[in-house]
Amino acid sequence: MNRERTLSNLRIAMTALWDNKVRSILTALGIIFGVAAVITMLAIGKGAQEEILSQIKLVGVNNIEIKPVVEQSEVEVGVEQGQENNKKFSKGLDLKDANSIQKVIPSVSNISPEIILDTYVINNGIQRTAKLIGVTPSFFEISNIGLRKGRMFTNYQLEHADAVCIIGSGIAKKFFTGGEALGKELKCGSQWLTVVGITEDIAVTQKAKENLGIRDYNMDIYTPINTMLVRYEDRGKLIADQGGNWDDEDENANTNFNYHQVDRMVVQVEESELLSSSAEIISRMLKRRHNDQVDFEIMIPEHLLQQQQKTKDIFNLVLSAIAGISLLVGGIGIMNIMLASVLERTREIGTRMAIGARKNDIINQFLFEALLISLSGGVIGIILGIVASFSISQFSEIETIVSPFAILISFGVASATGLIFGISPARKAAMQNPVESLRYE
């Protein structure tokens with residue numbers, strides 16, 4: 001019996017909404033836009049989180065990045081030209097620094113020194129600029145770069161500075177279209193290098209390039225670091241041959257001269273908790289080795305990414321709060337319009353009571369109306385939110401990911417909003433006295 005009455009009350013509520021379609025749609029607008037806003041905001045937040053995680057994967061976990069700094073010449077007003085170079089000589093970042101960091105600091109699990117050379121590549125009549133990177137095998141491990149084809153450098157190739165290289169997937173597609181790259185030769189600058197491996201395709205977003213200075217690894221060419229030093233250039237040897245003096249007759253020769261043997265070092269520590277302390281120890285150690293000259297900079301990419309994540313989390317929280325307020329406004333709209341409709345539907349309520357409806361039936365009928373409005377608004381809002389998220393991803397650089405959690409929580413909140421804000425109109429409807437209202441007509 002109770003089930004039949006409940007189904008009957010539900011049918012009456014659906015009929016009432018269908019008879020007043022325009023009013024029902026207008027009542028549901030607040031819920032529709034509120035749900036759509038919540039889903040869109042959570043999709044943007046989820047996309048930002050995934051982007052941060054992908055950037056962390058690119059820079060590697062628990063990594064410290066060390067880069068050289070080539071200082072500009074500076075002299076105080078009134079100081080003679082010959083007195084401006086009285087500072088102590090620094091040999092710059094070199095392989096000995098990398099070896100010392102690896103040996104001395106126990107928290108360091110791996111280190112990858114890099115020498116970067118901007119050069120040109122020629123093959124099959126095609127020439128383009130590219131970066132030739134002198135690396136050790138630890139580079140691929142730290143950077144999470146795997147090989148799609150071929151093999152890693154052998155110990156013999158590393159020790160004897162063989163003319164070999166591992167190319168990025170982009171280089172393989174550009175210079176070896178439709179052919180096998182392994183075993184072929186590629187002219188990099190003045191040297192011909194034999195391809196022994198091809199890296200997997202690595203997705204690098206534009207934001208990752210801008211925020212972290214990450215190169216497009218797919219367009220890089222990797223060669224053993226000894227090959228770079230022996231067959232191309234060794235800036236450390238050049239300075240040593242000059243007796244530690246890189247000044248020549250040009251008074252501004254040292255203004256933009258890179259005397260560092262190594263262009264980048266990535267240090268991997270064992271635990272995330274050791275990142276800051278390890279970076280501080282490395283800084284003191286390098287300063288001592290460079291004669292108290294701070295001609296290097298140390299960056300912890302994971303800390304920067306975590307800070308970005310916190311900023312985005314706050315931003316997403318604010319936007320989600322605004323979207324939540326729109327849901328609240330939608331609930332208030334449902335309550336206000338239904339309270340107004342109660343006064344208009346006094347005769348209707350009286351008719352229902354006359355044919356046997358009890359107060360609980362009236363309450364249930366109006367509650368069903370509020371719930372149906374919020375549920376239908378929630379469904380439409382979900383569709384609108386998914387479409388909006390997809391459109392944002394397609395027509396802007398913002399990545400969005402719609403998660404089932406966002407859909408469930410927004411739909412649940414919408415349902416609860418309709419139920420909560422429908423209680424007051426339902427009770428007011430049940431308390432109406434149709435006979436009393438007819439006296440004033």
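One can find the structure itself at the top, above this paragraph.
Conventions used here
- Residues numbered from 1 in each chain as written.
- Predicted model: local features only at pLDDT ≥ 70, side-chain atom pairs only at ≥ 80, totals over all residues.
- Heavy atoms only, no water.
- Helix = DSSP H or I, 4+ residues; strand = E, 2+ residues; numbered from the N terminus.
- Buried < 20%, exposed > 50% of the residue type's maximum accessible area, 1.4 Å probe, protein only.
- Contact = heavy atoms within 4.5 Å.
- Areas by Shrake-Rupley, 256 points an atom, 1.4 Å probe, with all protein chains shown as cover.
- Phe/Tyr/Trp six-rings, centres within 6.5 Å; stacked < 30°, edge-to-face > 60°.
- Salt bridge = Lys/Arg side-chain N within 4 Å of Asp/Glu carboxyl O.
- Axes fitted to C-alpha atoms, helices over the stretch in contact; angles between N-to-C directions.
- Parallel < 35°, antiparallel > 145°, perpendicular 65-115°, else oblique.
- Left-handed = near helix turned anticlockwise from the far one by under 90°.
- Nonpolar A, V, L, I, M, F, W, Y, C, P; charged D, E, K, R; others polar.
- Polar contact = N/O pair within 3.5 Å; in protein donor to acceptor, adjacent residues only side chain to side chain.
- Core = buried A, V, L, I, M, F, W, Y, C linked by side-chain atoms within 4.5 Å.
- Arc of directions from axis to C-beta.

Participant: Could you give me a rundown of the overall build of the chain, with the residues and numbers involved?
Facilitator: On a plain count of helices and strands, the chain comes out with 15 helices and 10 strands. Sorting the 441 residues of the chain into buried and exposed places 44% on the buried side. Partitioning the contacts of the chain with sequence separation of at least 6, the portion at a separation of at least 24 is 81%. Here the chain displays about 23,300 Å² of accessible surface, and carbon together with sulfur accounts for 57% of that area.

Participant: I'd like a rundown of the packing of aromatic side chains, residues and numbers included.
Facilitator: Scanning the entire structure with this criterion turns up five aromatic pairs. Ring geometry for Phe-139 against Tyr-222: centres 5.1 Å apart, planes inclined by 40 degrees, an arrangement best described as tilted. In this pair, Phe-139 sits in helix α4 (residues 138-142) while Tyr-222 sits in strand β8 (residues 220-224), placing the two residues 83 residues apart along the sequence. Assessed through its relative accessible area of 0%, Phe-139 is described here as buried. We classify Tyr-222 as buried; its relative accessible area is 0%.

Participant: Please provide a residue-by-residue account of unusual backbone geometry, values included.
Facilitator: At Asn-144, a position not held by glycine, the phi torsion is positive, near 55 degrees. With respect to the helices and strands, Asn-144 occurs in the loop between α4 and β4 (147-150). Judged by relative accessible area, Asn-144 falls into the partly exposed class, the value being 43%. Despite not being glycine, Asn-291 shows a phi value in the positive range, around 55 degrees.

Participant: How would you sum up the pattern of salt bridges? Please name residues and give values.
Facilitator: On inspection of all chains with the given rule, the structure shows nine salt bridges. Note that Lys-91 and Asp-97 form a salt bridge whose closest N and O atoms lie 2.9 Å from each other. Classification of Asp-97 by relative accessible area gives buried; the value is 0%. Lys-131 is the partner of Asp-118 in a salt bridge, and the nearest nitrogen-oxygen pair spans 2.6 Å. Linking Asp-118 in strand β2 (residues 108-123) with Lys-131 in strand β3 (residues 126-135), this pair joins segments that are 13 residues apart in sequence. Owing to a relative accessible area of 30%, Lys-131 belongs among the partly exposed residues under this scheme.

Participant: Break down the packing of helix α3 (residues 95-104) against helix α10 (residues 275-289) for me, with residues and values.
Facilitator: Put simply, α3 and α10 touch, their axes get as near as 11 Å, and they point 135 degrees apart. With respect to α10, the element α3 is oriented oblique. In the packing of α3 onto α10, the handedness of the crossing is right-handed. Side by side, α3 and α10 meet where Lys-96, Asp-97, Ser-100, Ile-101 and Val-104 of the first sit next to Ile-282, Met-285, Leu-286 and Arg-289 of the second. Residues belonging to the contact of α3 with α10 are distributed by class as follows: five nonpolar, one polar and three charged.

Participant: Go over the side chain of Asp-94 with me, naming the residues and quoting the values.
Facilitator: The topology assignment puts Asp-94 in the loop between β1 (63-68) and α3. Exposure remark for Asp-94: the relative accessible area of 10% places this residue in the buried category. From its side chain, Asp-94 meets the backbone nitrogen of Asp-97 in a polar contact 3.0 Å long.

Participant: So what's going on with the nonpolar core? Which residues, and what values?
Facilitator: Core analysis: the biggest nonpolar cluster contains 24 residues, and Leu-132, Ile-167, Ile-171, Leu-186, Cys-188 and Ile-221 have the highest contact counts within it. Put simply, the parts of the chain that give this core at least two residues each are β2, β3, β5 (164-167), α6 (169-175), β6 (185-188), β7 (191-199) and α8 (225-232). Per element, the largest residue contribution to this core is four residues, and it comes from α8. Residues within four places of Ile-167 in sequence aside, it is in contact with Ala-172, Phe-176, Ala-181, Leu-186, Val-195, Gly-197, Ile-198, Thr-199, Asp-220 and Ile-221. One finds Ile-31, Phe-366, Ile-373 and Ile-382 within the second-largest nonpolar core, a separate group that totals 23 residues.

Participant: An account of the side chain of Ser-278 is needed here, citing residue identities and associated values.
Facilitator: By the secondary structure assignment, Ser-278 is in helix α10. Residue classification places Ser-278 among the buried positions, given a relative accessible area of 1%. Once residues lying within four places of it in the same chain are set aside, the contact partners of Ser-278 are Ile-64, Ser-107 and Val-269.

Participant: Residues and numbers for α3, please.
Facilitator: Among the residues making up α3, those that are buried are Asp-97, Ala-98, Ser-100 and Ile-101. Viewed along the axis of α3, the buried residues span an arc of 165 degrees, placing them on a single side of the element. Facing away from the buried side of α3, by more than 90 degrees, are the exposed residues Lys-96 and Lys-103. Contacts from the buried residues of α3 go to β1, β2, β9 (264-269) and α10.

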